[in-house]
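# Reading the structure
Single-letter residue listing:
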Amino acid sequence: MTIGGEVCSAKDAPKLALGVARMAIRAAILRPFVVGSEQLLIYILLDAAAIRQLIPERAWSVALPVYYLAAAAFVLLAIRGFFRRNQEQYRRFSAVQAA
């Protein structure tokens, strides 16, 4: 299988399929908040546009702090997961640089 000029082995096919499925699900979930907007998605997420559309204004004082804490936790967990998954590559890279 070739993706963007990079050849992938058959054993990577399930991971690739899962990755495509995850991106499709994210796109489907976020599409209603992006369609018709001139803003970048990151600004929509930082403005909590979804919360402001879904929850009445009187509940914002509770919902917005919870939303921002959840968003920060998600970002931190995503960064941590990225570094955990790539730990072996960092070790190999460090060994090559040291040699």
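Up top is the structure these notes are about.
Throughout what follows, the structure given in this document is the object of discussion. (Residues numbered from 1 in each chain as written. Predicted model: local features only at pLDDT ≥ 70, side-chain atom pairs only at ≥ 80, totals over all residues. Heavy atoms only, no water.)

Another point: helix α4 (residues 60-85). Relative to the 38 Å expected for 26 residues at 1.5 Å per residue, α4 spans 36 Å between its end C-alpha atoms, a close match to the ideal helical length. Here α4 has its buried residues at Trp60, Ala63, Leu64 and Tyr67. (Helix = DSSP H or I, 4+ residues; strand = E, 2+ residues; numbered from the N terminus. Expected span 1.5 Å × (residues − 1). Buried < 20%, exposed > 50% of the residue type's maximum accessible area, 1.4 Å probe, protein only.)

Below, the discussion takes up helix α5 (residues 87-98). Between its first and last C-alpha, α5 extends 17 Å over twelve residues, near the 16 Å set by a 1.5 Å rise per residue. For α5, a buried count of zero out of twelve residues is recorded, marking the element as mostly open to its surroundings.

Volume-wise, the largest pocket comes out at about 760 Å³. Along its surface, the largest pocket is lined by 24 residues, and Leu30, Leu45, Ala71, Phe74 and Val75 are the ones closest to its centre. Elements that contribute at least two residues to the lining of the largest pocket include exactly α1 (13-34), α2 (41-46) and α4. Of all the elements, α4 adds the most residues to the lining of the largest pocket, at twelve residues. (1 Å grid on protein atoms, 1.4 Å probe; cavity = no way out; pocket = protein on both sides within 12 Å on 5 of 7 lines; lining within 4 Å. Points joined across faces, edges and corners; volume = space filled by probe spheres on them.)

This part takes up a positive patch on the surface. On the surface, a cluster of positive charge is contributed by Lys11, Lys15, Arg22, Arg26 and Arg85. The element best represented in the positive patch is α1, accounting for three residues. Tracing the backbone shows Arg22 in helix α1. (Patch = residues over 30% accessible without salt bridge, like charges linked within 9 Å, V, L, I, M, F, W, Y side chains within 5 Å. Areas by Shrake-Rupley, 256 points an atom, 1.4 Å probe, with all protein chains shown as cover. Salt bridge = Lys/Arg side-chain N within 4 Å of Asp/Glu carboxyl O. Lys, Arg positive; Asp, Glu negative; His and termini not counted. Charge placed at Lys NZ, Arg CZ, Asp CG, Glu CD.)

Right, let's talk about a nonpolar patch on the surface for a bit. Residues Phe74, Val75, Leu76, Ile79, Phe82, Phe83 and Tyr90 make up a contiguous nonpolar surface patch of about 720 Å² in total accessible area. Examined against the element boundaries, Val75 turns out to sit in helix α4. On the basis of relative accessibility, which here comes to 44%, the residue Val75 falls in the partly exposed class.

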